[in-house]
Amino acid sequence: GGGIFGFARGARAGICLHELLEKSVFTRPAGEEDRRRVEKLLTRHGLELPAAHPGEIDPVEVCLGLIEQVRSERLPFGAMAFGALDAPARLDEWQFNLPVVDLVPSRLATLVREHWRGESWIDHATERLSRLPSTRLRGMLGGFVDLLFTDGERWTVLDWKSNDLGASTDDYTQAAMRRAMIEHDYVVQLLFYLVATHRFLRTRLPDYDYDRHVAGASYVFLRGLRGDPDSGWCNVTPPRALIEAIDTLFAGGRA
């Protein structure tokens, strides 16, 4: 395959693409400065030569093309273009630390069953959640969100995914992306991300309200992007009651 479908797979390629987008400015077209940055990035990850990729591609052009593709995409949960997202509106590689007082991971499945009904794919994800250990955890739960951004009113958690779901954008359907979300346990990840966002905004917005200020989580399957909001974008909005219940669970049952 050509283009992004000819780009390398695996962890090294995924980290490379994450770094590419983390440092990209989407408010202007990619230029010479971006080309030099891409060349250095590919070299650092050992992906600068066409031979490092399964397809007959120019890896620099593929990366520049991906920046332009993302730039032209419509932001999830609204009509704004990604190209309108300037630096003050985005937090790249946003680090969070959640204090955990007394967490039993398997309890998450019970809360999801109780508060997130009506979506069959979530029922499948909950089956996997129910297999989490029943041991008690205490301490800090930390992580990095690829991108936390706001459209001026609502905030969205965004995670870049380089998963290979097929050799064509046609393979990146909602059903296929949801299967990947289940198989890789991205659902529990997005719940933690949104609880962290919930706590973050609660301390910073005096009139904070989850329903009004949190849009949800977007998992962006990069190889499926084609300017169609149903292709490559897996957008999820867990209900307020669930996020508040998990927040309380992390606090040891105290609201």
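Here, the structure is the one placed above.
Read on for a plain summary of the structure. Each chain has its residues counted from 1, running along the sequence as written. In view of the model being predicted, local features appear only for residues whose pLDDT reaches at least 70, and side-chain atom pairs are presented and counted only at 80 or more, with totals across whole chains, interfaces and linings using the full set of residues. Water and hydrogen atoms were dropped before computing side-chain values, which therefore reflect all heavy atoms in the structure.

## Some words on the overall build of the chain
- Counting secondary structure elements, the chain contains nine helices and five strands.
- Only DSSP runs of H or I reaching four residues or more are called helices, and only runs of E reaching two or more are called strands; each is numbered from the N terminus. Traced from its N-terminal end to its C-terminal end, the chain shows the element sequence α-α-α-β-α-α-β-β-α-α-α-β-β-α.
- Here the C-alpha atoms of the chain give a radius of gyration of 19 Å, agreeing with the 18 Å that 2.2 N^0.38 yields for 255 residues.
- Dimensions of the chain along its principal axes, counting C-alpha atoms only, are 55 × 40 × 35 Å. Radius of gyration here uses only the C-alpha atoms, and the compact-globule reference equals 2.2 Å multiplied by the residue count raised to the power 0.38.

## A closer look at the packing of aromatic side chains
- Each pair of aromatic rings taken from Phe, Tyr and Trp, with Trp reduced to its six-membered ring, is defined by centres within 6.5 Å and is described as stacked if the planes are under 30 degrees apart, edge-to-face if over 60, and tilted in the remaining cases. With the rule as written, the count across this model stands at eleven aromatic pairs.
- Judged by centre distance (6.3 Å) and plane angle (35 degrees), the ring pair of Phe 82 and Trp 233 falls under tilted. Here Phe 82 is found in the loop between helix H3 (59-72) and strand S1 (90-103), whereas its partner Trp 233 is found in strand S5 (residues 233-236), with 151 residues between them in sequence.
- Among the aromatic side chains, those forming a connected cluster through ring pairs are Phe 26, Phe 82, Phe 149, Trp 160 and Trp 233.
- Over the ring of Tyr 186 we find Lys 161, and its NZ or CZ is 4.0 Å from the ring centre. Two conditions define a charge located above a ring, namely a distance within 6 Å from the ring centre to NZ of Lys or CZ of Arg, and an angle within 35 degrees of the ring normal.

## Description of H3
- Expected helix span is given by 1.5 Å per residue-to-residue step, counting one fewer step than there are residues. Over its 14 residues, H3 runs 20 Å from end to end, which matches the ideal 20 Å to within 8%, given 1.5 Å per residue.
- Among the residues of H3, Pro 59, Val 60, Val 62, Cys 63, Leu 64, Leu 66, Ile 67 and Val 70 are the ones counted as buried.
- Looking at the buried positions of H3, the neighbouring elements they touch are helix H1 (11-22), helix H2 (32-44) and strand S3 (155-161).
- As used in this structure description, the phrase polar contact means that two N or O atoms lie within 3.5 Å; if the pair is within protein, one of them must be able to donate a hydrogen and the other to accept it, and residues adjacent in sequence are counted only when both atoms belong to side chains. Regarding H3, its N-cap is Asp 58, as a side-chain oxygen of that residue lies 3.0 Å from the backbone nitrogen of Val 60 further along. Exposure is judged per residue with a 1.4 Å probe applied to protein chains only, and the accessible area is read against the type maximum: over 50% gives exposed, under 20% gives buried, and values in between give partly exposed. Only heavy atoms matter for contacts: two residues are in contact if any of them lie within 4.5 Å across the pair.

## Examining the sheet that holds S5
- Here, any two strands with at least 2 DSSP bridges between them count as paired. In spatial order, the strands read S1-S2-S3-S4-S5; together these five strands make up an open sheet with mixed pairing. Each edge of the sheet is formed by a strand with only one pairing partner; in this case those strands are S1 and S5. Ignoring which end each strand starts from, the neighbouring axes of this sheet average 35 degrees apart.
- Direction of pairing for strand S4 (residues 214-221) relative to S5: antiparallel, over a ladder of four bridges. A fitted line through C-alpha atoms represents every axis, and for helices the fit uses only the stretch in contact; the resulting angles, taken between N-to-C directions, go from 0 to 180 degrees.

## Details of the pattern of salt bridges
- Whenever Lys or Arg places a side-chain nitrogen within 4 Å of a carboxyl oxygen from Asp or Glu, that contact is recorded as a salt bridge. Counting across every chain of the model gives 21 salt bridges.
- Between Glu 19 and Arg 44 there is a salt bridge whose closest N-O contact spans 2.4 Å. With Glu 19 in helix H1 and Arg 44 in helix H2, this pair connects stretches of sequence that are 25 residues apart.
- Judged by its relative accessible area of 56%, Arg 44 falls in the exposed class.
- Linking Arg 128 and Asp 185 is a salt bridge whose minimum nitrogen-to-oxygen distance equals 2.8 Å. Remark: Asp 185 occurs in the loop between helix H6 (174-183) and helix H7 (186-204) and Arg 128 occurs in helix H5 (residues 120-129); sequence separation between them is 57 residues.
- A relative accessible area of 29% means that Arg 128 is categorised as partly exposed.

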